[in-house]
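Residues per chain are reported as follows:
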Amino acid sequence: QAKFPSPKTLVDFDSTKAPQLSKMKILKLAEGAFVRRRENIICIGKAGTGKSHIAIALGMAVMQMGIRVRFITVMQLLQELQLAESEYRLPRYLKTWNKIDLVILDELGYVPLGDSGKLLFHFISQRYEQGSLIITSNLEFSRWVEVLHDPALTSALLDRLTHHSHILLFEGESYRFRESLAQQEQEVME
């Protein structure tokens, strides 16, 4: 039901590649109290720095405690929201998300949302203080207006998201890029 793209755990995460992340903070978040308090987690950093891995690992950890979790990319959510709106069933569709304790929204910031930004705002507003979100983004907050194209909407969205939130900053080079280079070096040596 969680629809994770692949299983990820905190044990699998190489914390030496992200030394700026507090391992204690991540382990504390994995205890799930943030979900019971309806708080959010916002993971910000360049592509390949481990944001999605940590988001999924936290989702899997709290799911084992009986917390209902759903993973979805921002683009997939927007497609579903647009379809529901065009079929005049948006309120009913939004209500289906009330059953989910933690929604993981992956990849905010890769594609400008245009008018769809209003639907994302509506979704996030509906969850405000009702359920938790984990959002991964490659953009720092000051650049979210580039995606949402509306300064007032962006400000209101960030206000709701950050009110009760934990912000995790991911720095460094892409993990996938480093892994690819290491594999190429290994092939050259063989």
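Cut-offs applied
- Every residue gets a number counted from 1 within its own chain, in the order that chain's sequence is written.
- It should be noted that, the model being predicted, local features are given only for residues of pLDDT at least 70 and side-chain atom pairs only at 80 or more, the latter also being counted only at that level, while totals for whole chains, interfaces and linings use all residues.
- No hydrogens and no water enter the side-chain calculation; it runs on all heavy atoms of the structure.
- Three exposure classes are used, based on accessible area relative to the maximum for each residue type with a 1.4 Å probe and protein chains only: buried under 20%, partly exposed in between, and exposed over 50%.
- Under the DSSP-based scheme used, a helix requires at least four consecutive residues in state H or I and a strand at least two consecutive residues in state E, with every element numbered from the N terminus.
- Each pair of strands is called paired provided DSSP finds at least two bridges between the two strands.
- Any two rings among Phe, Tyr and Trp, with Trp reduced to its six-membered ring, count as a pair given centres within 6.5 Å; such a pair is stacked if its planes are under 30 degrees apart, edge-to-face if over 60, and tilted if neither.
- Basic side-chain nitrogens of Lys or Arg form a salt bridge, by our definition, when they fall within 4 Å of a carboxyl oxygen of Asp or Glu.

**Student:** Break down the pairing of strand β2 (residues 69-73) for me, citing the residues and quoting the values.
**Tutor:** Most of β2 is tucked away, with four of its five residues classed as buried. Here five bridges tie β2 to strand β3 (residues 102-108), and the two strands are oriented parallel to one another. The residue of β3 that forms the bridge with Phe71 is Ile104.

**Student:** Quick rundown of unusual backbone geometry? Include the residues and the values.
**Tutor:** With a phi angle near 60 degrees, Arg38 is a residue other than glycine that sits in the positive phi range. Positioned with a positive phi, His149 is a non-glycine residue whose angle comes to about 60 degrees. Along the chain, His149 falls in the loop between α7 (144-148) and α8 (151-163).

**Student:** Run through the packing of aromatic side chains, naming residues and quoting values.
**Tutor:** Under the criterion given, the structure shown has four aromatic pairs. Consider the rings of Phe141 and Trp144, whose centres lie 5.3 Å apart with planes at 70 degrees: the pair is edge-to-face. Since its relative accessible area comes to 22%, Phe141 is described here as partly exposed. Each residue in the set Tyr93, Trp97 and Phe123 is aromatic and connected to the rest through ring pairs, giving one cluster.

**Student:** Just give me the short version of the pattern of salt bridges, but keep the residues and values in it.
**Tutor:** Enumeration over the complete set of coordinates arrives at six salt bridges. For Glu39, the salt bridge goes to Arg37, with nearest N and O atoms at 2.9 Å. Given a relative accessible area of 15%, Glu39 falls into the buried group. Across the pair Glu146 and Arg143 runs a salt bridge whose closest N-O atoms are separated by 3.0 Å. The exposure class assigned to Glu146 is partly exposed, which follows from its relative accessible area of 39%.

No statement about biological role is implied by the geometric values presented.
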